[in-house]
Structure formats: structure tokens, C-alpha cells
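# Survey of secondary and tertiary structure
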Amino acid sequence: MKKRFRIPIICLICCLLLGTIAFAVNGRKITATYGGITIYLNGQKQVATDVNGKVVEPLIYQGTTYVPIRAVSEWLGKTVTWQGSTSSIFINDSVFSDNEVAAAENVISEFFTLFGDKQYQKMAALCTGDAAGFDYSSGVFGMKEAKLKSCTYNGDYSAREKKLVFECSFAMKPAANSVYDPNQTNTTCLIYVKKVGSQFLIDEFASGF
């Protein structure tokens, strides 16, 4: 299966121009339709992406549409894990519901709204563990100022960590003596949110995957 989708660059160029691709697998030539395929789930348009967020186009070969298994599984609320040692794909129910993901995301949004308003004690009240003991007046993860631009949930990583994990991007101003360049204005980090009873609290800040 992996060989079937290992397509040379020249084929991709032809695909963009002609809408079809042709490549060889084990000496056999295969022609498939590529590009311009739109997928809807319950009336909502979906865009398939890989684990890095890059758009992946579906293919049609001999009347069958091939789409990325990770994208489709995640659209249906599942998590996908690749085990390289056995060349196996594991599809499982999500550990957290959509409502839990939304609640955790709201906590992150509220946390950075409070950061902009310099409400540092209220920020700490939205945290647990080591994150609850930080002095946020000195900054958050090396950022003296931060505006949340995006917050993307990673269900696969969350299933492994047993916490809700989000990759967040910011427009920011570096704190003094931080690892950032003084002129840097954008960054990303991971934010872990832990469910404590019925509450969702920020548990950890970390660098990217």
C-alpha cells in the first residue's frame, strides 16, 4: 500500500495540469485521477491533511476513491497511531469527546485573554500542577505578551498522553532573557490540558512535537 502512493515529482506536475497521474508499481503501470475531488461529511466540506497539516489530495483508481486513513478517521472522531515496528495502523475511539475538547480549548483562550489583561492570579487559577505555581507576570513560556492565533487539538497525541494536547500559535513579544530572538514576533508551543474532576485546567507548556 505504501508503494502505491509513492509518486514521483514529475507525476505530480502532470497531475496538476491534466488531472491524471501514471506511475509504475512492481513493473505495472497505474493511471489514477487526481485533483478536484471534494469530500463532504454530513454536508460539511472536509480537507484531508497529513500529520504535519499538509493537504493530501484523494485519488480515484479503477472506480475506488483512496483517501488518507488518518484524515477520515479523525473526521469520525477516532485516533490513529502508526506502529513502525509491525507496519500496523491502530484506529481507536477518541479518549476525549468533542465537548471536552471544546471546553479545554475555551480554557486556553480564556487564559491568554487574562494574560492580555494582566490578570495573573486568575491565570494561575486556570492551571494545575507545576503550571499553577508559575509567576505569569514574568511571561508565559518565554512570551512577555502573547495573542493566541490558533489552537489545534491533536487527538492521537492526547490519547497517548491521557491529557488534551493542543498545538497553539501566537503573535507575541519575547520576555527578557527568553530563548527567543528579541525581534521574533511569532511562535508555537504545545499546551496540555488536564481534566480534574469536572474542570479542565492547563497542566503544562512544551515545545513542538
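Please refer to the structure placed before this passage.
Rules behind the numbers
Residues numbered from 1 in each chain as written. Predicted model: local features only at pLDDT ≥ 70, side-chain atom pairs only at ≥ 80, totals over all residues. Heavy atoms only, no water. Helix = DSSP H or I, 4+ residues; strand = E, 2+ residues; numbered from the N terminus. 1 Å grid on protein atoms, 1.4 Å probe; cavity = no way out; pocket = protein on both sides within 12 Å on 5 of 7 lines; lining within 4 Å. Points joined across faces, edges and corners; volume = space filled by probe spheres on them. Nonpolar A, V, L, I, M, F, W, Y, C, P; charged D, E, K, R; others polar. Core = buried A, V, L, I, M, F, W, Y, C linked by side-chain atoms within 4.5 Å. Buried < 20%, exposed > 50% of the residue type's maximum accessible area, 1.4 Å probe, protein only. Contact = heavy atoms within 4.5 Å.

## Examining unusual backbone geometry
Leaving glycine aside, a negative phi is the common case for residues, and trans is the common case for peptide bonds. Phi at Asn-42 is positive, roughly 50°, even though this residue is not glycine. Considering the arrangement of structural elements, one finds Asn-42 in the loop between strand S3 (39-41) and strand S4 (44-46). A positive phi angle is found at Ser-87, which is not glycine, with a value near 50°. Here Ser-87 is to be found in the loop between strand S7 (78-83) and strand S8 (88-93).

## A short note on the layout of surface pockets
Approximately 930 Å³ is the volume attributed to the second largest pocket. Lining the second largest pocket are 34 residues; nearest its centre among them are Glu-74, Thr-152, Tyr-153, Asn-154 and Gly-155. Of all the secondary-structure elements, those providing two or more residues to the lining of the second largest pocket are helix H2 (69-75), S7, helix H3 (98-116), strand S9 (143-153) and helix H5 (155-161). Looking at the lining of the second largest pocket, the element that brings in the most residues is S7, giving 5 residues. Looking at the lining of the second largest pocket residue by residue, the classes come out as 14 nonpolar, 11 polar and 9 charged.

## Examining the nonpolar core
By size, the foremost hydrophobic cluster in this structure holds 30 residues, and its most contacted members are Phe-111, Phe-112 and Ile-191. Of all the elements in the fold, those that place two or more residues in this core are H3, S9, strand S10 (164-174), strand S11 (186-196) and strand S12 (199-206). The element contributing the most residues to this core is H3, with 8 residues. If we ignore the near neighbours within four places in the chain, the residues touching Phe-111 are Met-123, Leu-126, Cys-127, Tyr-136, Val-140, Ile-202 and Phe-205. In this structure, Tyr-157, Val-165, Leu-190 and Tyr-192 belong to the second largest nonpolar core, which totals 5 residues.

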